[in-house]
Amino acid sequence: MKILMVCLGNICRSPLAEGILKSKLPSNFTVDSAGTINMHEGNAPDKRSVEVAVKNGLNISKQRSRHFQSQDLDEYDRIFCMDKNNLRDVLSLAESDEQRQKVSLLMNDLNLKQHPHEVPDPYWSGSEGFDQVYRQIDEACEIIAENLLKESFKIKP
Ligand code: 4NP
């Protein structure tokens, strides 16, 4: 099972989502991340994302930003987008219903009523914005990991 986390720059939110989900799943799951713009291609995650990850016991510093590609829609089984703009950009590259069905908002269908359905872009905020985004992604990934594990047991009894 291959899961891709997508945001705009692939330096703030999706590297956190990649690290957090990976930490909740066994190693036979592949978790990767990408951005809908190529502006930060090859760059390490934003210092503030690296810091909030370290505060929570995760090391995401070795990740490198990469641009989302249309082949990702074939390569990955699930693609989670951080906000509605990312979702629109990813869906604009989809060419079949099979590809479209793999794509959703990270916060969709989680019954997290206290949260909006998007993970807000923390790029222009201070470190408190990154703390909030971390908590939000962590809560979503907890439920996503649980569901993926249940599903994988169903596929391989
Ligand atoms: P991300 O945050 O999409 O969570 O990685 C951003 C990173 C870079 C920019 C905007 C948002 N930017 O405008 O360069």
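Note that the structure is a prediction, hence the values are computed from the model and not measured.

Conventions used here
- Residues numbered from 1 in each chain as written.
- Predicted model: local features only at pLDDT ≥ 70, side-chain atom pairs only at ≥ 80, totals over all residues.
- Heavy atoms only, no water.
- Helix = DSSP H or I, 4+ residues; strand = E, 2+ residues; numbered from the N terminus.
- Buried < 20%, exposed > 50% of the residue type's maximum accessible area, 1.4 Å probe, protein only.
- Pairing = 2+ DSSP bridges.
- Right-handed = clockwise from strand over helix to strand, strands pointing away.
- Expected span 1.5 Å × (residues − 1).
- Core = buried A, V, L, I, M, F, W, Y, C linked by side-chain atoms within 4.5 Å.
- Contact = heavy atoms within 4.5 Å.
- Arc of directions from axis to C-beta.

Student: Before we move on, can you summarise unusual backbone geometry with the specific residues and values?
Tutor: The backbone phi angle of asparagine 10 is positive, close to 55°, even though this residue is not glycine. Tracing the sequence through the fold places asparagine 10 in the loop between strand E1 (2-7) and helix H1 (13-24). On the basis of relative accessible area, asparagine 10 is assigned to the buried category, the value being 2%.

Student: Residue-level account of the pairing of E1, with values.
Tutor: In terms of burial, E1 is largely enclosed, as 5 of its 6 residues are buried. When E1 meets strand E2 (residues 30-35), the two strands line up parallel, connected through 6 bridges. By the bridge assignment, cysteine 7 is partnered in E2 with glycine 35. Tracing the backbone out of E1, into H1 and back to the parallel element E2 gives a crossover that is right-handed. One ladder, built from 4 bridges, connects E1 with strand E3 (residues 78-81); its direction is parallel.

Student: A description of H1 should follow, citing residues and the corresponding values.
Tutor: Taking 1.5 Å per residue as the helical rise, H1 with its 12 residues ought to reach 16 Å, and the 17 Å between its terminal C-alpha atoms agrees with that figure. The element H1 is extensively covered by neighbouring structure, given that 9 of its 12 residues are classed as buried. Within the sequence span of H1, burial applies to Arg13, Ser14, Pro15, Leu16, Ala17, Glu18, Gly19, Ile20 and Leu21.

Student: How would you sum up the nonpolar core? Please name residues and give values.
Tutor: Note that soluble globular proteins tend to have their nonpolar side chains buried in a common cluster. Judged by nonpolar contacts, the single largest core of 32 residues is most densely connected at Met5, Leu16, Leu21, Leu25, Met82, Leu106 and Ile137. If you list the elements that add at least two residues to this core, you get E1, H1, helix H2 (47-55) and helix H6 (127-155). No other element matches the 9 residues that H6 contributes to this core. Once residues within four sequence positions are removed from consideration, methionine 82 is found in contact with Met5, Val6, Cys7, Arg13, Ser14, Ala17, Leu105, Leu106, Glu118, Val119 and Ile137. Of all hydrophobic cores here, the second largest spans 13 residues; its members include Leu4, Phe68, Leu73 and Val103.

Student: An account of helix H4 (residues 84-91) is needed here, citing residue identities and associated values.
Tutor: Here H4 has its buried residues at Asn86, Leu87 and Val90. Taken around the axis of H4, the buried residues stretch over an arc of 100°, which confines them to a single face. Away from its buried face by more than 90 degrees, H4 exposes Lys84 and Arg88. Where H4 is buried, its residues touch E1, H1, helix H3 (72-75), E3 and strand E4 (103-105).

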